[in-house]
Amino acid sequence: SSGINAEYGGRVEGKYDVVAACFFLDTAHNVVEYLEMIYRMLRPGGHLVSLGPLLYHYAGIPNELSIEIPWEDLMTVVRKIGFEVEEEQDVPGVPYINNSSSMLDVSYQCKLLVAKKS
């Protein structure tokens, strides 16, 4: 199962200095809820470090909520939640699956985000 459990997230409010999210944010039905939960989990001055694509796992699946926000708009949401964006960059060709025996090689064009809780 992917995602952040809201009940669990409430029990860890303000407990973490860093939340690392690798290929994670786009697993949300609602990425805004993920970001709000991560913000609450962080101590003041804590950081979110995220690397991954925006594939939005539930996009196009019938009867599944999928809020799909383009990167530029997502950065607006990040700031409105209260994060200060310290670093944001394109990271091309991030390996995801590789099997040289079968010639399988999947990589993604990713985004790196480092944001600080104000």
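Residues numbered from 1 in each chain as written. Predicted model: local features only at pLDDT ≥ 70, side-chain atom pairs only at ≥ 80, totals over all residues. Heavy atoms only, no water.

Engineer: Would you mind going over the pattern of salt bridges in detail, with residue names and values included?
Structural biologist: Applying the stated criterion across every chain, the model contains three salt bridges. Linking Glu 88 and Arg 79 is a salt bridge whose minimum nitrogen-to-oxygen distance equals 4.0 Å. By relative accessible area, Glu 88 is classed as partly exposed at 36%. For Asp 90, the salt bridge goes to Lys 111, with nearest N and O atoms at 2.4 Å. Here the residue Asp 90 occupies a position in strand β3 (residues 83-99), and Lys 111 occupies one in strand β4 (residues 104-117), the gap between them amounting to 21 residues. Residue class for Lys 111 comes out partly exposed when judged on its relative accessible area of 22%. (Salt bridge = Lys/Arg side-chain N within 4 Å of Asp/Glu carboxyl O. Buried < 20%, exposed > 50% of the residue type's maximum accessible area, 1.4 Å probe, protein only. Helix = DSSP H or I, 4+ residues; strand = E, 2+ residues; numbered from the N terminus.)

Engineer: How would you explain the environment of Arg 43 if you had to name every residue and give the values?
Structural biologist: Within the secondary structure layout, Arg 43 lies in strand β2 (residues 42-52). Spatially, the C-alpha atoms of Arg 43 and Lys 116 are 9.7 Å apart, while their sequence positions differ by 73 residues. If near-sequence neighbours (up to four positions away) are discounted, Arg 43 is found in contact with Gly 14, Lys 15, Tyr 16, Asp 17 and Lys 117. For Arg 43, the side chain forms a polar contact with the side chain of Asp 17, separated by 3.1 Å. (Contact = heavy atoms within 4.5 Å. Polar contact = N/O pair within 3.5 Å; in protein donor to acceptor, adjacent residues only side chain to side chain.)

Engineer: Outline a nonpolar patch on the surface, listing residues and values.
Structural biologist: On the surface, Tyr 96, Ile 97 and Leu 104 cluster together to form a nonpolar patch covering roughly 270 Å² of accessible area. Looking at the secondary structure, you find Leu 104 in strand β4. (Patch = residues over 30% accessible without salt bridge, like charges linked within 9 Å, V, L, I, M, F, W, Y side chains within 5 Å. Areas by Shrake-Rupley, 256 points an atom, 1.4 Å probe, with all protein chains shown as cover.)

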